[in-house]
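Okay, here's what each chain looks like letter by letter:
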Amino acid sequence: MAQMVQMTTEQLQQLIEAVRISAANSAVQAAETVQTKSKGSFSNCPSRFGGQRDHEAVEEFIASIVTYKEIECISDEDALKGISLLFYGLASTWWQGVRKEAKTWNDVLALIRDHFSPTKPAYQIYMEIFEKKQDDHVAIDTFVCQKRALLAQLPDDRHDEETEIDLVYGLLTIKYRKHIARHDFKTFRELLEKGRIIEHNMMEDETEQKGPVRGSKGTTRCTYCKFRGHTREQCRKRKSAEEDEED
């Protein structure tokens, strides 16, 4: 028969405290284990950089790896060690020569920008902005996005949005400026919304005008009967005349 164990109040409190401390230690160990297992690295990062000297490509790569680093909770020290996994080709060769100069994670980002995307002088950026107007076949979203990307490379606070809109508006094709007056909008968002409506309307017009219109200059004229809408080979009047001749 089992014997009952009697404990004093003091002994019971000591037992409860011991169990509490043991549970707390187990929780800490479990958290450390999870943290160790979830320790991130760039080994699974999908972004790679080959050394192209292109501002947009460089900024896209940097934005991608910075975001990945934050999501995977990669420390600056581990990021500095693992960044070489993301380079290939010319970029890999370049990194071998400059990696000793990178003491911190921010040094890495600065080195990438300085070598592959050096800051352009303002006058050169302006030349690129005004170098090309909008082509008839380029959507307004695409064109405005390209020009705003160039404007973003200018020194901070060079222009407010109103001035930037003035610069871009003058480069739009006449088919947009004819329907959108400059005083009808105040932001790029409003400009794009109005531009999309115009594009949609133009697409509908093109669809409706695809069918041949009787008497229009775009339709084919028969060389036999001189009527439009068919060719000589299709002409019923010619075929009827030929059949009569054969009879």
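For the structure, check the block above.
Residues numbered from 1 in each chain as written. Predicted model: local features only at pLDDT ≥ 70, side-chain atom pairs only at ≥ 80, totals over all residues. Heavy atoms only, no water.

(A) Structural context of the side chain of K147. Along the chain, K147 turns up in helix 7 (residues 140-151). E131 is the oppositely charged side chain nearest to the buried, salt-bridge-free K147, at an N-O distance of 7.1 Å. Ignoring sequence-local partners within four residues, the contact set of K147 consists of E128, I129, K132, V168 and L171. (Helix = DSSP H or I, 4+ residues; strand = E, 2+ residues; numbered from the N terminus. Buried < 20%, exposed > 50% of the residue type's maximum accessible area, 1.4 Å probe, protein only. Lys, Arg positive; Asp, Glu negative; His and termini not counted. Salt bridge = Lys/Arg side-chain N within 4 Å of Asp/Glu carboxyl O. Contact = heavy atoms within 4.5 Å.)

(B) How the structure looks around a negative patch on the surface. A contiguous patch of negative charge, built from D160, E161, E162 and E190, is present on the exposed surface. The residue E190 is located in helix 10 (residues 188-208) in this model. The class for E190 is partly exposed, based on a relative accessible area of 32%. (Patch = residues over 30% accessible without salt bridge, like charges linked within 9 Å, V, L, I, M, F, W, Y side chains within 5 Å. Areas by Shrake-Rupley, 256 points an atom, 1.4 Å probe, with all protein chains shown as cover. Charge placed at Lys NZ, Arg CZ, Asp CG, Glu CD.)

(C) Structural detail: the packing of helix 6 (residues 122-131) against helix 7. Across the interface, helix 6 lies against helix 7 with an axial gap of 9 Å and an inter-helix angle of 170°. Regarding the angle of helix 6 to helix 7, the classification is roughly antiparallel. Contacts from I125, E128 and I129 in helix 6 reach K147, L150 and L151 in helix 7. Here the contact of helix 6 with helix 7 is composed, by residue class, of four nonpolar, no polar and two charged. (Axes fitted to C-alpha atoms, helices over the stretch in contact; angles between N-to-C directions. Parallel < 35°, antiparallel > 145°, perpendicular 65-115°, else oblique. Nonpolar A, V, L, I, M, F, W, Y, C, P; charged D, E, K, R; others polar.)

(D) Quick look at the packing of aromatic side chains. In this structure the tally under the stated criterion is 10 aromatic pairs. Each ring, one from F49 and one from F116, has its centre 5.1 Å from the other, and the planes form 80°; the classification is edge-to-face. Taken together, the residues F49 in the loop between helix 1 (9-37) and helix 2 (55-71) and F116 in helix 5 (residues 105-116) connect sequence positions 67 residues apart. Judged on exposure class, the residue F49 and its partner F116 are both buried. Each ring, one from Y169 and one from F185, has its centre 5.9 Å from the other, and the planes form 50°; the classification is tilted. Taken together, the residues Y169 in helix 8 (residues 161-169) and F185 in the loop between helix 9 (174-177) and helix 10 connect sequence positions 16 residues apart. Pair check on accessibility: Y169 and F185 agree, each one buried. Every member of this aromatic cluster is reached through a ring pair, and the members are F49, F61, F87, W94, W95 and F116. (Phe/Tyr/Trp six-rings, centres within 6.5 Å; stacked < 30°, edge-to-face > 60°.)

(E) Expanded view of helix 4 (residues 90-98). Within the span of helix 4, buried status applies to A91, W94, W95 and V98. Down the axis of helix 4, the smallest arc covering the buried residues is 100°, so these residues share one side. Residues of helix 4 that are exposed and point over 90 degrees away from its buried face: T93 and G97. Where the residues of helix 4 are buried, they touch helix 3 (76-82) and helix 5. (Arc of directions from axis to C-beta.)

(F) Region of interest: the pattern of salt bridges. By the definition in use, this model includes seven salt bridges. The residue E59 makes a salt bridge to R113 at a minimum N-O spacing of 2.9 Å. Residue E59 is located in helix 2, and its partner R113 is located in helix 5; the two are separated by 54 residues in the primary sequence. In this structure, the salt-bridge partner of K120 is E128, at a minimum N-O distance of 2.9 Å.

(G) Layout of helix 7. In this model, helix 7 (12 residues) spans 16 Å end to end at C-alpha, consistent with the 16 Å of a helix rising 1.5 Å per residue. All buried positions along helix 7 are accounted for by I140, F143, V144, K147, L150 and L151. Each buried residue of helix 7 sits inside an arc of 120° when the element is viewed along its axis, so together they form one side. (Expected span 1.5 Å × (residues − 1).)

(H) Representation of the nonpolar core. Counting residues in hydrophobic clusters, the biggest one holds 24 residues, and the most contacted among them are F42, I65, I83, F87 and I112. Take this core: its biggest share by element is six residues, from helix 5. The contacts of I65, once residues within four sequence positions are left out, are F42, C45, S47, I83, L86, W105 and L109. Core analysis: the second largest hydrophobic core is formed by 21 residues, I140, L150, L154 and L191 among them. (Core = buried A, V, L, I, M, F, W, Y, C linked by side-chain atoms within 4.5 Å.)

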